[in-house]
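Single-letter residue listing:
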Amino acid sequence: MSREEVVETVNGFLAEEFEVEVESLDPNGILHETLDLDSLDYVDLVVVIESHFGFKVTGEDFKSISTLNDFYDFIVSKFEHA
Amino acid sequence: MRVVITGYGVYSCIGKNVEEVTDSLRQGRSGIGIAEDRRPFGYRSCLTGILEEPDLKKDLSRRERLGMSEEAKYAYVSTKEALDMAGITQDYLDQNRAGILFGNDSTAGAVIEAVDTIREKKDTMLVGSGSIFQSMNSTVNMNLATIFRLRGINFTISAACASGSHAIGVGFHMIKSGLEDMIICGGAQEVNMYAFGSFDGLGVFSMREDNPAQSSRPFDKDRDGLVTSGGAATVVIESLESAQRRGATILGELTGYGFSSNGDHISNPDTGGQIDSITRALKMAGIKPDQVDYVNAHATSTPKGDMYEAQAILDVFGGKTPVSSTKSMTGHECWMAGASEIVYSMIMMRNGFIAPNINFENPDEVSRNLNIIAEATKCNLDTIASNSFGFGGTNSTLIVKKYE
């Protein structure tokens with residue numbers, strides 16, 4: 001999956017799961033601020049990643065993710081290491 | 001301390017709000033149908049109350065909705081209606097202490113869906129963040145206490161099919177004793193197939209699938225079992241002083257709560273225990289049996305259960321007091337029933353009629369001695385009694401009086 005495809009897919013499920021407009025998803029925006037995530041929401045991020053991409057991630061994986069760009073890069077890296 | 005009711009709401013198979021339910025009660029309209037998906041799942045009888053889950057997307061945030069079980073969604077709708085009727089705004093709840101006590105004795109659907117996910121995925125994280133709040137017995141009060149930002153008493157009463165009635169009874173005592181000024185009380189019941197499978201397996205469900213509207217027939221000689229149903233019902237109870245201070249319209253006064261345990265068989269009813277519950281409620285209300293204008297019977301449409309209750313009612317009230325079981329229309333709303341039947345009775349009290357015990361065509365040897373109301377009947381109701389009896393022999397009777 002290309003980075004563009006990852007971005008499109010991720011934006012789609014983030015908008016649906018966290019009920020935000022796709023237009024509000026600034027790649028340089030802080031992930032938890034953009035989506036208004038609390039500690040429980042990271043569990044739901046794990047669920048949507050698994051259901052859309054089929055690979056497992058953990059809550060720990062998000063510790064190094066700050067911006068949406070970091071998040072896209074993380075997903076791309078998971079594909080590269082798959 | 002006098003305890004009054006200032007608001008009520010309901011979401012059931014005979015209507016999604018008080019207005020719709022009032023119409024159904026007047027018309028004697030059944031809410032029972034067939035859920036065909038239960039047949040391949042292994043049910044012997046697919047009869048059930050038919051109602052849909054409310055879509056709360058426009059009312060509640062994602063986080064608020066995520067933790068809500070099926071019954072919590074029903075309870076949100078009935079509670080919002082009850083609060084609106086009582087004239088209680090969110091601003092009032094933010095400024096004043098209010099509690100919540102709900103009757104709920106299982107949340108099978110949410111638990112089973114979570115376990116199914118774990119079995120399939122082999123990963124507990126994949127049940128999602130809302131599952132735990134959907135899965136606990138206290139799902140209704142934990143969700144509603146958060147949504148409405150309540151700061152008073154907050155717990156669930158689990159007492160089988162008397163849960164909703166006991167929740168109101170316990171709330172009544174908390175206010176009487178001065179511990180709270182206002183409590184949101186109610187009962188809720190999921191209707192998904194997971195909730196009733198073991199129940200169906202006991203062989204206590206009606207098999208009259210060819211005519212769902214006639215399947216629930218409390219006290220009728222030809223009854224062949226109960227039909228389960230669900231939804232939620234809420235009553236706002238408060239001290240008389242609280243209601244007067246707010247300038248609220250007082251819809252009724254709770255005057256009696258009787259309770260007992262049969263101390264006997266886990267599923268068989270017991271006339272003695274039921275009589276004890278009813279007489280204790282009358283004693284607390286300080287009234288004689290002939291001062292009760294209407295008895296909303298527990299009567300679920302099982303052959304033995306109805307017979308034992310008919311005998312208890314006969315022994316306490318004699319044969320003149322009007323009696324009906326609204327379960328003839330709603331089916332047995334289980335954990336919710338004690339609360340919904342108080343709401344149904346208050347609707348009758350407010351509108352001056354007795355809702356019919358539909359499908360009562362031929363009495364049996366005990367019910368022939370009772371004054372069972374088979375057609376909707378205009379009637380002034382000053383005092384009503386409502387029975388709820390559950391597995392394990394738990395009994396509850398509530399008495400509500402028109403406020404004077």
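None of these values were measured; they are calculated from a predicted model.

A.B. asks: Is there a simple way to think about the sheet that holds strand β10 (residues 322–324) of chain B in this case?
C.D. replies: Paired through backbone hydrogen bonds, the strands of a sheet run either parallel or antiparallel to each other. Residues and elements named next belong to chain B. A sheet is described by the order of its strands in space; here eleven strands give the open sequence β5-β4-β6-β7-β1-β8-β15-β14-β9-β10-β12, paired in mixed fashion. Across the chains shown, the open sheet's two edge strands, defined by having one partner strand only, are β5 (154–157) and β12 (371–372). In the sheet, strand β9 (residues 294–296) pairs with β10 via two bridges, with the strands oriented parallel. Among the inter-strand pairings, Val 295 is bridged to a residue of β10, identified as Val 323.

A.B. asks: Where do I start with the layout of surface pockets in this structure?
C.D. replies: Rolling a probe over the atoms, with the probe sized like a water molecule, indicates the empty space that remains. Residue and element names in this part refer to chain B. Each pocket or cavity is described by its volume, and for the largest pocket that value is around 510 Å³. Around the largest pocket, the lining is made up of 25 residues, and of these Ser 267, Pro 269, Thr 302, Gly 305 and Phe 391 lie nearest the centre. Going through the elements one at a time, α13 (303–317) and β14 (383–390) are the ones with two or more residues in the lining of the largest pocket. Top contributing element to the lining of the largest pocket by residue count: α13, with five residues. Of the domains in this structure, domain 1 (3–246) and domain 2 (255–401) are the two that each give at least three residues to the lining of the largest pocket.

A.B. asks: Please clarify how the domain arrangement of chain B should be interpreted in this entry.
C.D. replies: One widely used convention gives an interface's size as the accessible area the parts lose upon coming together. Residues and elements named next belong to chain B. We note that the domain assignment places domain 1 (3–246) and domain 2 (255–401) within chain B. For domain 1 versus domain 2, the separation of C-alpha centres amounts to 21 Å. Taken residue by residue, the interface counts 68 residues in domain 1 and 62 residues in domain 2. Counting each side, the surface lost to burial between domain 1 and domain 2 is near 4900 Å², with a carbon and sulfur contribution of 66%. Counting the surface domain 1 buries against domain 2, the share from its top three residues, Leu 25, Cys 161 and Phe 219, is 18%. For the interface between domain 1 and domain 2, the tally reads three salt bridges. In this structure, Arg 223 and Asp 306 form a salt bridge, with 3.4 Å as the shortest nitrogen-oxygen distance. Remark: the boundary between domain 1 and domain 2 carries 29 residue pairs in polar contact (both at pLDDT 80 or more). Those elements that provide at least two residues to the side of domain 1 that touches domain 2 are β1 (3–11), α1 (18–27), α9 (163–176), β6 (182–189) and β7 (231–239).

The rules we used
Residues numbered from 1 in each chain as written. Chains lettered and ligands numbered in written order. Predicted model: local features only at pLDDT ≥ 70, side-chain atom pairs only at ≥ 80, totals over all residues. Heavy atoms only, no water. Pairing = 2+ DSSP bridges. Helix = DSSP H or I, 4+ residues; strand = E, 2+ residues; numbered from the N terminus. 1 Å grid on protein atoms, 1.4 Å probe; cavity = no way out; pocket = protein on both sides within 12 Å on 5 of 7 lines; lining within 4 Å. Points joined across faces, edges and corners; volume = space filled by probe spheres on them. Domains from an automatic or database assignment. Contact = heavy atoms within 4.5 Å. Buried area = accessible area lost by both parts, 1.4 Å probe. Salt bridge = Lys/Arg side-chain N within 4 Å of Asp/Glu carboxyl O. Polar contact = N/O pair within 3.5 Å; in protein donor to acceptor, adjacent residues only side chain to side chain.

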